[in-house]
Amino acid sequence: MIVHLHIGTPKSGTTYLQEVMGANRERLAADGVLWPGENWRDQVRAVRDFLDFRPNGVVNPAIWGWWPRVRDRILAWDGRAAILSMEWLVHARPDQVRRLAEELSPHELRVVVTARDIARSVPAQWQEQVQNWAQWEWEEYVEGVTADRPLETGPGRQFWTDHDLGRMLQAWAEGGVPAERMTVVTVPPPGSSPQLLWERFAQVLGVDPAGYDTRVDTSGNASLGAASAEVVRRVNDRTRARGLDWAYGGDQVVKWTLSKQTLGPRRPQEAGIKLPVGRREWAERESQRLIDDVRSRGIAVVGSLDELVPEPSTYGDLRAPSAEDMLDAALDGLTGLALELQERIKADMLAPPPPTLLQMVYRSRPLAPVRAVVQPVRGKVKQFRDPG
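These notes cover the structure that comes with them. Residue positions within a chain follow its written sequence, with the count starting from 1. Predicted model: local features are reported for residues with pLDDT of at least 70 only, side-chain atom pairs are reported and counted for 80 or more only, and whole-chain, interface and lining totals are derived from all residues. Working from all heavy atoms in the structure, the side-chain values ignore hydrogens and water.

**Considerations on the overall build of the protein chain**
At step 1: Looking only at helices and strands, the protein chain has 16 helices and eight strands in total.
At step 2: With a 1.4 Å probe rolled over the protein chains alone, any residue whose accessible area is under 20% of its type maximum counts as buried; one over 50% counts as exposed, and the rest are partly exposed. Among the 388 residues that make up the protein chain, the fraction classed as buried is 45%.
At step 3: Residues are treated as being in contact if the distance between any of their heavy atoms lies within 4.5 Å. By sequence separation, contacts in the protein chain at least 24 residues apart represent 79% of the contacts at least 6 residues apart.
At step 4: For the purpose of counting charges, residues Lys and Arg are taken to be positive, whereas Asp and Glu are taken to be negative. His and the chain ends are not included. To locate a charge, take NZ of a lysine, CZ of an arginine, CG of an aspartate or CD of a glutamate. Within the protein chain, the 52 negative side-chain charges are centred at a point lying 8 Å from the centre of the 49 positive side-chain charges. Under the DSSP-based scheme used, a helix requires at least four consecutive residues in state H or I and a strand at least two consecutive residues in state E, with every element numbered from the N terminus.

**Looking at the side chain of His107**
At step 1: Mapped onto the elements of the fold, His107 is located in the loop between helix 5 (94-103) and strand 4 (108-115).
At step 2: The exposure class of His107 is buried, given its relative accessible area of 18%.
At step 3: Every residue in contact with His107, bar those within four places of it in the chain, is listed here: Met1, Val3, Ile74 and Leu75.

**Observations regarding a nonpolar patch on the surface**
At step 1: Nonpolar side chains collect at one region of the surface, where Leu341, Ile345, Met349 and Leu350 lie side by side and expose about 470 Å² of accessible area between them.
At step 2: With respect to the helices, strands and loops of the structure, Leu350 is situated in helix 14 (residues 323-350). Patches were defined on residues exceeding 30% relative accessible area and lacking a salt bridge, with like-charge contacts within 9 Å and nonpolar side-chain contacts (Val, Leu, Ile, Met, Phe, Trp, Tyr) within 5 Å. Here the Shrake-Rupley method, with its probe set to 1.4 Å, supplies the accessible areas, and only the displayed protein chains count as covering residues. By salt bridge we mean one thing: a side-chain nitrogen of Lys or Arg within 4 Å of a carboxyl oxygen of Asp or Glu.

**As for the pairing of strand 4**
At step 1: For strand 4, the buried fraction is high: six of the eight residues fall into the buried class.
At step 2: Pairing between strands requires that DSSP locate at least two bridges from one strand to the other. In the sheet, strand 1 (residues 2-6) pairs with strand 4 via five bridges, with the strands oriented parallel. Following the sheet pairing, His4 is matched in strand 4 by Arg110.
At step 3: Both strand 4 and strand 5 (residues 182-186) contribute to a ladder of five bridges, which runs parallel. Bridged to Val111 within strand 5 is Met182.

**A word on the packing of helix 6 (residues 118-131) against helix 11 (residues 226-241)**
Each pair of packed helices gets described by two things: the angle between the helix axes and the distance between those axes.
At step 1: In this description, a line fitted to the C-alpha atoms serves as the axis of each element, helices being fitted only across the stretch in contact, and the angle between N-to-C directions of two axes falls anywhere from 0 to 180 degrees. Relative orientation of the contacting elements helix 6 and helix 11 amounts to 40 degrees, with a least axis distance of 9 Å. What the angle tells us is that helix 6 and helix 11 run oblique. Once helix 6 is placed against helix 11, the crossing between them reads as left-handed. On the side of helix 6, the interface is formed by Trp126, Gln127 and Val130, while helix 11 contributes Ala229, Val232, Arg233 and Asn236. For classification purposes, an angle smaller than 35 degrees is called roughly parallel, one larger than 145 roughly antiparallel, one from 65 to 115 roughly perpendicular, and anything else oblique. Crossings are assigned a handedness: left-handed for a near helix turned anticlockwise from the far helix by less than a right angle, right-handed for a clockwise turn.

**Considerations on the packing of aromatic side chains**
At step 1: Classification of ring pairs uses Phe, Tyr and Trp, with its six-membered ring standing for Trp, and accepts pairs whose centres are within 6.5 Å; under 30 degrees between planes counts as stacked, over 60 as edge-to-face, and the remaining range as tilted. The final tally for this structure, using the stated rule, is eight aromatic pairs.
At step 2: Between Trp136 and Tyr141, the aromatic rings sit 5.7 Å apart at their centres with planes inclined by 45 degrees, giving tilted as the arrangement.
At step 3: Through a chain of ring-to-ring contacts, three or more aromatic side chains come together here, namely Phe159, Trp160 and Trp282.
At step 4: Remark: a charge is flagged as sitting over a ring if the NZ atom of Lys or the CZ atom of Arg is within 6 Å of the ring centre and within 35 degrees of the ring normal. For Arg45, the ring lying beneath its charged end belongs to Trp66, and the centroid distance is 5.2 Å.
At step 5: Over the aromatic face of Trp133 sits the side chain of Arg240, whose NZ or CZ is 4.0 Å from the ring centroid.

**A look at the environment of Ala115**
At step 1: Take Ala115: it is sitting in strand 4.
At step 2: The exposure class of Ala115 is buried, given its relative accessible area of 3%.
At step 3: Here the alpha-carbon distance between Ala115 and Pro268, two residues 153 residues apart in the chain, equals 24 Å.
At step 4: Each residue touching Ala115, except ones within four places of it in the same chain, is listed here: Thr9, Ser12, Leu165, Val184, Val185, Thr186, Val187 and Leu308.

Written as structure tokens, this is what we have:
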């Protein structure tokens, strides 16, 4: 059996592909391909457990043991293939790759990398990091990523760890996955149908894409416009200074409620975030380096490596959003948080009250004989009081 590992890169259409596969898990199974877990979150938990990945330094005991659960489902599958998709796998070290191969033995590992042009990847990555509590200003992030020695800067390390194709492919090769078991799927250029990406990915899986429902909702992982991203970044500054705990609800408030649920839907009405046109020469040079890294390894490509060269329309200016636009986004954000808080308070108010100590004692197992006597008597008393 083949185990396809879709390792990213982040912000390369991964959410769309994951939603399509999750929505069509039964169709995949009919085609002999396992989508393990009840939903994609199970795969997130499993990969986080396997890698001991700690976002913002948070250790979450709730994910312990998830990797063995998902692994065992893969090992028990009697079809021709399985597909595991999680972007954190771009961080896998060679020793972790070897352990992964051992735990999934005797099945054959194949690595799939979706890759997007760098001019779209940089702004997409920045706003996603902002949603995950980063504090870098957009200009600061661009400076770090495009520096001569980017790995000596915080933004540069963050971006290139996730997007340096040569580095991640080398790590998997050193872990024992040969080039003939790797595939790069390029993300189509701006304006293309999202379905084209699925058609390319389906080719790697060996399934007919036409039989799959691609009408999926990806709003749960919405990107931010320029004004909303800057509002959230400033919120990050203040919540960090005032002691927000990311491990105890901070991520639910900042990332999910404020960013994705409330401000994400505003994106069509806001200015977008684009790599400054002054970085075009840098982007074209780095794009060629990434293309050469893939070609030199003899790795199969679905799509075209030429699509990794940014189109002129993907560049913009470095102009900051206006104070008026940020105020409008901030007011929408506060409104969304207020409505969410109201819903939670309402749910608490409508919830049945917890049992009293006397009720808990009465319902306990030792008092079962007493209940057996009392309950029939209570029933007869009720009949006597209300004979109709």
